[in-house]
Amino acid sequence: FLQNLPPAPPWFRGALRKCGRRCEARGLDSVQTMIRWLLLAASASAAENGLARLPPLGWRSWNLYGGNVNQTLIEGIMASMVRRSSRYTVDGVPTSLCDLGFCDVGLDDNWQACGRHGEGGYTYHDEEGNPLVNSERFPSMKSMTSYAHSLGLTAGWYGNNCICSEKKTGDRRFYAGDVRAMREMGFDSWKLDGCGAQTDMQLWSDLIQATPATTGRSAIMVENCHWGSRRPYEPTATWCPWNFYRTSGDVRATYGSVIGNLQSVFKFSGRNLSYPGCWAYADMLEVGVLASPFSGDKGLTIAETRSHFAAWAIVSSPLTLSHDPSNLTIMDAIWPVLSNRELLAISQAYAGYSGGPFKEAAEGLQLAAADTALARPGASAAELAALPPLRVPAWQYLYKPLEWGGRKAAVLLMNHGKEAAQLTLAFADVPGLGCRACSVRDVWSRKDVGTFNGSVTLGVGSHDCALLVLTHVSPHVARAAA
């Protein structure tokens, strides 16, 4: 276990120094204290750009627009992300998506000028390694990012593209050309896909750090979008030259796909390879996405939407929206989920573990004919047909510690079955919690359910979930609950 602990980042080492004996006074036992100091002493050789100390929040274009994207559409999304209206409030206060933390707007594929360029026949680069922008779709990338900055947003770009992907651009000059262009155009974050020849994530990191910013911020938020299959896609405890990384194939707007992608995170969180500055990422959110670039997708029910958003939050997956924020019908339906600050607080908590499963049903069920989390982008119909079916437990319990010392944790009870179910949570099963009597709070209703001794039982609908926060109670309250 100790060998799999992530390196202690600078902010954590500083916090430990400030904590000192007060940590022990707050109930940390000797084993916990030892682990903290082992983390303190760990070598932090992973790339450290100061970003993504907590799971990033934002928006990206692919699930809404696919390749049908242009500057006008992206700037319209930017305006929608900061718009406040009496229609959408939190505790009576008009609130924008950016007010909730979703302040990065990312452009995805198809900004490039596809063709055959130069003697090398490059599909969207010239001979010098410079990327070529489709100026009809994007007259001025610099103006677009400047507009984002004027609204208080950051702007995201996309590289190593899948549409007209480059197969001949592994030379350093193409990496350098892309980094120069990214700096000149003023982008702040960068999704680097796995379709082309530019898959050297360490080289990307080195060139970004070596190339001064001309506008925007100096540090760049980097997504390693290598689908959990094209190397390099997996960090180590001491090497992670990106800020978050895909663990699966593309998510689709179906419950089976969402749950399949969720399962792909567990092999990383279980080894503590999802940590501040280096988060495991189950792909963009399908919240409010009624259709997607994949044929046959029809969107999620509200119950499935709750399960999707809560599951990403409790495993610390970055929360990347991809719906149309200007569509009032969609916003009306999903606003209660997106604007639940208690849920967002679970996403933005970190107390040594990013979150994962701890209990599941013995009986299983098939959620989908194919586990698309295993698919590579652009997979043929024959390849998709050859994928194994997605089988999952009938129910799963996930947890995430919310405070150091184990006194508070979030727990997600997920019902994957076709019928409603009574789900019982035994407090003793929650790793590290250690309370016989716990105070239980329902995150969806934002109300305290009560204090329970030993366990709590709740009814959970099909494809729905219960999201709880469990807190230790004082001994006299525990006796009263007995």
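Structure: see above.
Residues numbered from 1 in each chain as written. Predicted model: local features only at pLDDT ≥ 70, side-chain atom pairs only at ≥ 80, totals over all residues. Heavy atoms only, no water.

A. The arrangement of the overall build of the chain in detail. Secondary structure assignment for the chain yields 14 helices and 20 strands. Burial status across the chain gives 57% buried among its 482 residues. Within the chain, counting contacts between residues at least 6 apart in sequence, those at least 24 apart form 76% of the total. (Helix = DSSP H or I, 4+ residues; strand = E, 2+ residues; numbered from the N terminus. Buried < 20%, exposed > 50% of the residue type's maximum accessible area, 1.4 Å probe, protein only. Contact = heavy atoms within 4.5 Å.)

B. Expanded view of the packing of aromatic side chains. In the structure shown here, the tally under the stated rule is 18 aromatic pairs. For the ring pair Trp111 and Trp157, a centre distance of 4.8 Å and an interplane angle of 40° mean the geometry is tilted. With Trp111 in the loop between strand E4 (104-106) and helix H6 (141-150) and Trp157 in strand E5 (residues 154-159), this pair connects stretches of sequence that are 46 residues apart. Each of the two residues, Trp111 as well as Trp157, counts as buried. What makes Trp157 buried here is its relative accessible area of 1%. Ring pairing ties together the aromatic residues Trp111, Tyr124, Trp157, Tyr175, Phe187, Trp190 and Trp204, which thus form one cluster. (Phe/Tyr/Trp six-rings, centres within 6.5 Å; stacked < 30°, edge-to-face > 60°.)

C. Layout of the pairing of strand E14 (residues 395-401). Most of E14 is tucked away, with seven of its seven residues classed as buried. What you see with E14 is no split at all: Trp395, Tyr397, Tyr399 and Pro401 on one side and Gln396, Leu398 and Lys400 on the other are buried throughout. Pairing of strand E11 (residues 356-360) with E14 involves four bridges; the strand directions are antiparallel. Bridge pairing in E14 places Lys359 opposite Tyr397. In terms of strand pairing, E14 meets strand E15 (residues 408-415) through seven bridges, oriented antiparallel. Counterpart to Tyr399 in the pairing with E15 is Val411. The hairpin formed by E14 and E15 contains six residues between the paired strands, and Gly405 there has a positive phi angle of roughly 100°. (Pairing = 2+ DSSP bridges.)

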